Amino acid sequence: MTIPPVPDPGELTDGVVVVRRYRDDDVASAVEAIRDADIARWTRVPLEPSEGSFRDEFLARHDDWFEQGIEAPLAVVEVRTGELVGSNGFVQFGWDRGFGEIGYWGAASHRGRGYVVRACRLVATWGFEVLGLVRVELRIHPDNAPSHRVAAALGATREGVLRNGARDRSGAPFDTVVYSLIPSDL
């Protein structure tokens, strides 16, 4: 199967948040946000991020990921202030099965406002309507209570636990709870 490139989503918005591709002017805010211990605990962001490493290891590869159909990382920006409030997007695709997995984080200073849920809904809708996906997954560490709340608020169906479904930074396996959305869920 030929892996298709991921088209530019433009600006996905619900009037409260905008989800779009990262830009150079997002770097400082993103680096500040991912220095948060909770984000580092539950995601694969660099443990000691810098603006240079973010540009070199993330932004420099950003276009390739879209072009190669590998990932679609997106910035989440609050409409009212223009501030970066999080990250959302597809962290992997199973093009042959029509699925994509959404990954996300919310900046500590903006948590509890529903931005991550809104962004997940926008990204999932884009996945169904533009990318032609038939299934969107969220795979969450069993102990990551905030992400379980996001999945519940999104209306995702908890399907079960993938035993040793992912690996941590050291390569050790851990279980993941799988939630899913299909087009009719939204």
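For the structure given in this document, a descriptive report is provided here. (Residues numbered from 1 in each chain as written. Predicted model: local features only at pLDDT ≥ 70, side-chain atom pairs only at ≥ 80, totals over all residues. Heavy atoms only, no water.)

So, the side chain of Arg21
Reasoning step 1: By the element assignment, Arg21 lies in strand E2 (residues 17-21).
Reasoning step 2: Residue Arg21 is classed as buried on the basis of its relative accessible area of 16%.
Reasoning step 3: A polar contact is formed between the side chain of Arg21 and the side chain of Asp63, at a distance of 2.5 Å.
Reasoning step 4: When sequence neighbours within four positions are dropped, the list of residues in contact with Arg21 reads Asp8, Pro9, Asp26, His62, Asp63, Phe66, Leu74 and Ala75. (Helix = DSSP H or I, 4+ residues; strand = E, 2+ residues; numbered from the N terminus. Buried < 20%, exposed > 50% of the residue type's maximum accessible area, 1.4 Å probe, protein only. Polar contact = N/O pair within 3.5 Å; in protein donor to acceptor, adjacent residues only side chain to side chain. Contact = heavy atoms within 4.5 Å.)

Things to note about the pairing of strand E4 (residues 84-94)
Reasoning step 1: The buried fraction of E4 amounts to 9 of the 11 residues, a majority that puts the element mostly inside the structure.
Reasoning step 2: Both strand E3 (residues 72-78) and E4 contribute to a ladder of 6 bridges, which runs antiparallel. Paired with Pro73 across the strands is Gly89, a residue of E4.
Reasoning step 3: Once E3 ends, the chain turns through 5 residues before running back antiparallel as E4, passing Gly82 with a positive phi of about 75°.
Reasoning step 4: Direction of pairing for E4 relative to strand E5 (residues 99-106): antiparallel, over a ladder of 8 bridges. Residue pairing in the sheet places Phe90 in a bridge with Ile102 of E5. (Pairing = 2+ DSSP bridges.)

Thoughts on the packing of aromatic side chains
Reasoning step 1: Under the criterion given, the structure shown has 7 aromatic pairs.
Reasoning step 2: Ring geometry for Tyr22 versus Phe58: centroids 5.0 Å apart, planes at 85°, classification edge-to-face. Taken as a pair, Tyr22 in the loop between E2 and helix H1 (27-34) and Phe58 in helix H3 (residues 51-68) lie far apart in primary sequence, 36 residues in all. Accessibility assignment for this pair places Tyr22 and Phe58 in one class, buried.
Reasoning step 3: Through a chain of ring-to-ring contacts, the aromatic side chains of Tyr22, Phe54, Phe58 and Trp65 assemble into a single cluster.
Reasoning step 4: The aromatic ring of Phe66 is capped on one face by Arg21, whose charged end is 3.8 Å from the ring centroid. (Phe/Tyr/Trp six-rings, centres within 6.5 Å; stacked < 30°, edge-to-face > 60°. Lys NZ or Arg CZ within 6 Å of the ring centre and 35° of its normal.)

Regarding the environment of Trp65
Reasoning step 1: Tracing the chain through its elements places Trp65 in helix H3.
Reasoning step 2: A residue is classified by how much of its surface remains accessible, and Trp65, at 11% relative accessible area, is buried.
Reasoning step 3: C-alpha separation for the pair Trp65 and Val91, spaced 26 residues apart in sequence, amounts to 9.8 Å.

Details of the sheet that holds E3
Reasoning step 1: With respect to topology, 8 strands assemble into an open sheet ordered E1-E2-E3-E4-E5-E6-E8-E7, the strand pairing being mixed. Two strands close off the open sheet at either side, each with one partner strand: strand E1 (12-13) and strand E7 (157-167).
Reasoning step 2: Relative to strand E8 (residues 173-181), strand E6 (residues 135-140) is paired through 5 bridges, and the arrangement is antiparallel. Note that in E8 the partner of Glu137 across the bridge is Ser180.
Reasoning step 3: The strands touched by H3 within the sheet are E2 and E3, with E3 carrying the most contacts at an inclination of about 115°. (Axes fitted to C-alpha atoms, helices over the stretch in contact; angles between N-to-C directions.)

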